[in-house]
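Coordinates in review
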Amino acid sequence: MEDKIKFMRAALRQAERGLAKGEVPVGAVVVLDGKVIGRGHNRRAKTQLASSHAEMYAIDRACKKLNSWRLEDCDLYVTLEPCPMCMGAALNARIRKVYFGAYEQKGRSMTDDLAASNLLNHTVEVEGGVLGEACSELLSGFFRAMRARTAAQRRAEGQQEGALPADGREADGDGAAE
């Protein structure tokens, strides 16, 4: 099995952990010398913090493991194309290469531009589409289920608002049946 497939599967397992907790299923791992040294999954719903992205947790844990903010010989595997904040963190940590699965469909990532920008005297190599179909399906399934729940909730709320009292007569403004 090719290493990048092996490590993207590890990132997918992290995404599934997040999914089990009701989070958008994005997972990430940081790898050094063929070993995972940092793991993370999204935790924004739980923490209500904008920075609680999978990549941020994985990078922070790798830094703690190495007792250094420099991850120069490390690679980052993430199930979704990183956002600008996470690409900035990868650049700042001096990550060697970023592998991602699903492409960000809304064009908000700027991955290639940031990776090559040399903002911090460092560039990051990027490879997208690793297990892209599996990563994309996990995300698509989550959002399909979320839309279905939202639609069902709206239907239920609409039925409650238009419901008639048990005797079938219209209620007046104070809720009493006429």
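If you're wondering where the values come from, they're calculated on a predicted model, not measured in any experiment. (Residues numbered from 1 in each chain as written. Predicted model: local features only at pLDDT ≥ 70, side-chain atom pairs only at ≥ 80, totals over all residues. Heavy atoms only, no water.)

Quick notes on the confidence of the model for the chain
When the pLDDT values of the chain are averaged, the result is 88; 88% of them are 70 or greater. Here residues 169–178 is modelled with pLDDT under 50, and outside its nearest four sequence neighbours on either side it reaches 12 contacts, counting other chains as well. (pLDDT = per-residue confidence, 0-100. Contact = heavy atoms within 4.5 Å.)

Re helix 4 (residues 84–92)
Structural remark: α-helix, 3.6 residues per turn; residues separated by three or four positions point the same way. Taken together, the buried positions of helix 4 are occupied by Cys 86, Met 87, Ala 89, Ala 90 and Leu 91. Against the buried residues of helix 4 lie helix 3 (54–66), strand 3 (74–80), strand 4 (97–102), helix 5 (111–115) and strand 5 (125–127). Following helix 4 by one or two positions, Arg 94 adopts a phi angle in the positive range, close to 65°. (Buried < 20%, exposed > 50% of the residue type's maximum accessible area, 1.4 Å probe, protein only. Helix = DSSP H or I, 4+ residues; strand = E, 2+ residues; numbered from the N terminus.)

What to know about the pairing of strand 2 (residues 35–41)
In this sheet, strand 2 lies alongside strand 1 (residues 27–32) in antiparallel orientation, the contact comprising six bridges. Bridging across to strand 2, Val 31 finds its partner in Val 36. Between strand 1 and strand 2, which pair antiparallel in sequence order, lie two residues; one of them, Asp 33, sits at a positive phi of approximately 50°. (Pairing = 2+ DSSP bridges.)

Notes on unusual backbone geometry
A positive phi angle is found at Arg 94, which is not glycine, with a value near 65°. By the secondary structure assignment, Arg 94 is in the loop between helix 4 and strand 4. The phi angle at Leu 131 is positive, at roughly 50°, despite the residue not being glycine. Structurally, the position occupied by Leu 131 is in the loop between strand 5 and helix 6 (132–161). Classification of Leu 131 by relative accessible area gives partly exposed; the value is 22%.

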